[in-house]
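# A look at the structure
Chain by chain, the residues run as shown.
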Amino acid sequence: MYVHTSTDIMATISAGGVGVGFGGGSVKLNSLNSLPPSPFLGKRLKLKPLQESTSHGSKVTILRPNLHSTVVAGVQLVDFVHDVFLGVGVGLPCTVMECGDMIYRSTLPRSNALTLTIPGAVLALGTLSYLWATPGVAPGFWDMFVLAFVERLFRPTYKKDDFVLGKKLGEGAFGVVYRVSWAKKPSSKEGDLVLKKATEYGAVEIWMNERVRRACSNSCADFLYGFLEKSSKKEAEYWLIWRFEGESTLADLIQSKEFPYNVESMILGEMQDLPKGLERENRIIQTILRQLLFALDGLHSTGIVHRDIKPQNVIFSEGSRTFKIIDLGAAADLRVGINYIPKEFLLDPRYAAPEQYIMSTQTPSAPSAPVAAALSPVLWQLNLPDRFDIYSTGLILLQMAFPSFRSDSGLIQFNRQLKRCDYDLIAWRKSVEPRANGDLRRGFELLDLDGGIGWELLTCMVRYKARQRVSAKAALAHPYFDKEGLLALSIMQNLRLQFFRATQQDYSEAVKWIVELMARSGTKKDGGFTEAELQALKEIKPKKKANAQRNVLASVLRFQRKVLKTLNESMDEFNQGRKSMWWSRWIPREE
């Protein structure tokens, strides 16, 4: 009878093979450790044989995993993710000695230093980039589940009796705006406030203003408080209170015959030492547009799309000497999906972008807040909803440059002309410039200053396709704002501008190099296209008759759209009763 000793077994394994013994002989199996060791986990497991008897009285050596080896296998599985980041294999087989002893890494001296591997660094950077990508998953969770809760605990409480109504500042379809003062100190100018009594979309506006106050307070008017007042005699009303910033909106200012000179002293506090003319007007308009873009950039960075940018919703703050955005009732918080309904929109047709919707109508309603926040960077990059506000801002620039478009009738006429030109500003200019009056010619001359960089920025903002428009950040990095304007920027704003301009310049140089490579005249040997080939590419038109493959593909796409439409409608109906105002718990009631 042949019996393996432990030393023989370990020697056999250490020699690189594993054997099964029958009587006095053995058959060698393939090595279990023939593959190269893992860079993270060391060598593979060793198997220990176990003897069992047979009916013929002989001993058969059967390979079974050792109990310790089984435990080590579990450790390998759990520690793999840990080792991806740290590169330390703890408790794994390190080497087998000739004497049969096995040494484990857990018995070796361990270093306290953490070694970051390249895959771990890439994975960590990718995760951080996603969590902080617009509109910000990590900042969103912190804002909604920590800051909002803490703010609710410590903010003061007010009632309608705490205020005395004063002059009516404005009235719209969804509320009335008054200038009010504190009831306890009505004569104090420090207590001047603005109150809006909203009958609809008031809850949305409270949410948006509180979000802005926590994330980008310089973008909008200084919001104080909002609450719901209920009464048995009339419908519930939302009261929103801001600090008084000023009475003048951009719409009021541009209607003046003195525009833009009437804004100059408001921004600077004094007049420029320059003669009146296009150069001086251009600097004032640059300053107004730059302040508006900074405010929009703050909103968009936190995931809010205003959807109703127009001169009436831009107010001049007398305290900070800057223009700020007001009226967030139509805004959509795309970080968690508040006030976003796929097939509904709130907009002013005079300033709305051609697409009307900030996101594709195929996008379903927002799920629960944590899921919506986790998916928000993907939806943002797919749809670029902030470009909706950029189109409206481009029309404001157009109105500031062309006096004839500052009236409602002039802007409506321009929109009709632009639509006939397929929303191509260059084609529109070619059609109207030959017969332009004095106001139009003066507007073109103003935008053509400094090599036409103002006209170039306008064409980058007013485009048919949202993806082709610039973002607020890219617009601020445009050469149009290179000159010293009327408003001194802060250190952080200057750093941001320098960073985006450098990035934009790198991209521009790369694109320019590619275009020059393609447009270079020469043969195929030179690697470029000839002018004739480029012209042929431009004249290529799609075939009128589709082939069989295209017809099949079109049928499949139509079926896919039907399925998505049915699912979206079902989800909308399901969510309508499940989460209709789930976030209203953050809005205080009358106490």
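Parameters at a glance
Residues numbered from 1 in each chain as written. Predicted model: local features only at pLDDT ≥ 70, side-chain atom pairs only at ≥ 80, totals over all residues. Heavy atoms only, no water. Helix = DSSP H or I, 4+ residues; strand = E, 2+ residues; numbered from the N terminus. Buried < 20%, exposed > 50% of the residue type's maximum accessible area, 1.4 Å probe, protein only. Contact = heavy atoms within 4.5 Å. Patch = residues over 30% accessible without salt bridge, like charges linked within 9 Å, V, L, I, M, F, W, Y side chains within 5 Å. Areas by Shrake-Rupley, 256 points an atom, 1.4 Å probe, with all protein chains shown as cover. Salt bridge = Lys/Arg side-chain N within 4 Å of Asp/Glu carboxyl O. Pairing = 2+ DSSP bridges. Axes fitted to C-alpha atoms, helices over the stretch in contact; angles between N-to-C directions. UniProt positions renumbered as here; feature names shortened; annotations may be inferred. Polar contact = N/O pair within 3.5 Å; in protein donor to acceptor, adjacent residues only side chain to side chain. Expected span 1.5 Å × (residues − 1). Core = buried A, V, L, I, M, F, W, Y, C linked by side-chain atoms within 4.5 Å. Parallel < 35°, antiparallel > 145°, perpendicular 65-115°, else oblique. Nonpolar A, V, L, I, M, F, W, Y, C, P; charged D, E, K, R; others polar. pLDDT = per-residue confidence, 0-100. Arc of directions from axis to C-beta.

## Structural notes on the overall build of the chain
Per the secondary structure count, the chain includes 18 helices and 15 strands. When burial is assessed residue by residue, the chain has 41% of its 591 residues classed as buried. Long-range pairs, those at least 24 residues apart, make up 62% of the contacts in the chain between residues at least 6 apart in sequence.

## Some details on a nonpolar patch on the surface
On the surface, Tyr130, Val371, Leu375, Val378, Leu379 and Leu382 cluster together to form a nonpolar patch covering roughly 500 Å² of accessible area. A total of 5 residues in the nonpolar patch trace back to one element, the largest contributor, which is helix H9 (residues 369–383). Relative to the helices and strands, Val378 is located in helix H9.

## Here's the deal with the pairing of strand E8 (residues 175–182)
Consecutive side chains along a regular strand alternate between the two faces of the sheet. Counting buried residues in E8 gives 6 out of 8 residues, a clear majority hidden from the surface. Sheet topology note: the strand E7 (residues 163–172)/E8 ladder contains 7 bridges and is antiparallel. The residue bridging Gly170 from the neighbouring strand is Val177, located in E8. In this structure, E8 lies alongside strand E9 (residues 193–198), joined through 6 bridges in antiparallel fashion.

## A word on the sheet that holds E8
One open sheet holds the 5 strands; their spatial order is E7-E8-E9-E11-E10, and the pairing between them is antiparallel. Edge positions in the sheet fall to E7 and strand E10 (223–229), since each has one partner strand and no second. The mean inter-strand angle of the sheet, taken between neighbouring strand axes irrespective of direction, is 25°. Bridge count between E9 and strand E11 (residues 237–243): 6 bridges; the pairing is antiparallel. What sits directly across from Leu195, in E11, is Ile241. Sheet strands touched by helix H5 (residues 202–215): E9, E10 and E11. Its angle to E11, the strand with the most contacts, is close to 30°.

## Considering the UniProt feature "binding site: ATP" (unreviewed entry) in the chain
In this structure's numbering, the residues bearing the UniProt feature "binding site: ATP" (unreviewed entry) are Lys196. Along the chain, Lys196 falls in strand E9. Looking at Lys196, the relative accessible area reads 10%, which means it is buried. At a separation of 3.0 Å, a polar atom in the side chain of Lys196 contacts the side chain of Glu205.

## What to know about helix H8 (residues 278–301)
Along its 24 residues, H8 runs 34 Å from first to last C-alpha, staying within 8% of the 34 Å computed at 1.5 Å per residue. Burial within H8 is extensive, with 21 of its 24 residues counted as buried. Just downstream of H8 lies Gly303, where phi reads positive at about 90°.

## Side note on the nonpolar core
If you look at the biggest cluster of nonpolar residues, it comprises 83 residues, and the most contacted ones within it are Ile288, Phe323, Met400, Phe414 and Trp428. Element by element, the count of residues in this core is highest for H8, at 11 residues. Discounting residues that sit within four places of it in the chain, Phe414 has contacts with Leu395, Leu398, Phe405, Leu425 and Trp428. Counting residues in hydrophobic clusters, the runner-up holds 12 residues, among them Val176, Tyr178, Val180 and Phe227.

## So, the pairing of strand E14 (residues 322–325)
Burial along E14 is two-sided: Thr322 and Lys324 facing one way and Phe323 and Ile325 facing the other are all buried. With 4 bridges joining them, strand E13 (residues 314–317) and E14 adopt antiparallel strand pairing. Across the sheet, Ile315 pairs through a bridge with Lys324, a residue of E14. Between the end of E13 and the start of E14, which pair antiparallel, lie 4 residues, with Arg321 showing a positive phi angle near 55°.

## Description of the packing of helix H12 (residues 425–432) against helix H14 (residues 449–461)
At a minimum axis distance of 10 Å, the contact between H12 and H14 shows a crossing angle of 125°. When the axes of H12 and H14 are compared, the pair comes out oblique. For the pair formed by H12 and H14, the contact residues are Leu425, Ile426, Trp428 and Arg429 on the first element and Trp455, Leu458 and Thr459 on the second. Of the residues belonging to the contact of H12 with H14, the class tally is 5 nonpolar, 1 polar and 1 charged.

## Things to note about the confidence of the model for the chain
Here the chain averages 75 in pLDDT, while 62% of its residues score no lower than 70. Contacts from residues 38–48, a stretch scored under 50 in pLDDT, to residues over four places away or in other chains number 40 contacts. Ignoring residues within four places in sequence, the model shows residues 504–508, a span with pLDDT below 50, making 1 contact including any to other chains.

## Comments concerning the side chain of Thr459
The topology assignment puts Thr459 in helix H14. Assessed through its relative accessible area of 14%, Thr459 is described here as buried. Within the structure, Thr459 has its side chain in polar contact with the backbone oxygen of Glu456 (distance 2.7 Å). Here Thr459 is in contact with Leu425 and Ile426, once residues within four sequence places are set aside.

## Here we look at the pattern of salt bridges
Enumeration according to the criterion identifies 24 salt bridges in this entry. A salt bridge links Arg213 to Glu151, with the shortest nitrogen-to-oxygen separation between them at 3.0 Å. Linking Arg213 in helix H5 with Glu151 in helix H4 (residues 137–154), this pair joins segments that are 62 residues apart in sequence. Lys473 is the partner of Asp297 in a salt bridge, and the nearest nitrogen-oxygen pair spans 2.8 Å. Here the residue Asp297 occupies a position in helix H8, and Lys473 occupies one in helix H15 (residues 472–476), the gap between them amounting to 176 residues. On the basis of relative accessible area, Asp297 is assigned to the buried category, the value being 3%. In this structure, a network of salt bridges that share partners links the residues Asp308, Lys310, Asp348, Arg350 and Asp408.

## Things to note about helix H11 (residues 408–420)
Its 13 residues give H11 an end-to-end C-alpha distance of 19 Å, which sits within 8% of 18 Å, the value for a rise of 1.5 Å per residue. Turning to H11, its buried residues are Gly410, Leu411, Phe414, Asn415, Gln417 and Leu418. All buried residues of H11 lie within an arc of 165° about the axis, which places them on one face of the element. The outward face of H11, more than 90 degrees from its buried face, is lined by the exposed residues Ser409, Arg416, Lys419 and Arg420.

## As for the environment of Ala203
Mapped onto the secondary structure, Ala203 falls in helix H5. Separated by 23 residues in sequence, Ala203 and Gly226 place their C-alpha atoms 8.6 Å apart.

## Looking at the side chain of Arg387
On the secondary structure map, Arg387 appears in helix H10 (residues 387–401). Ignoring any residue separated from it by four or fewer positions in sequence, one finds Arg387 in contact with Ala466, Arg469, Val470 and Ser471.

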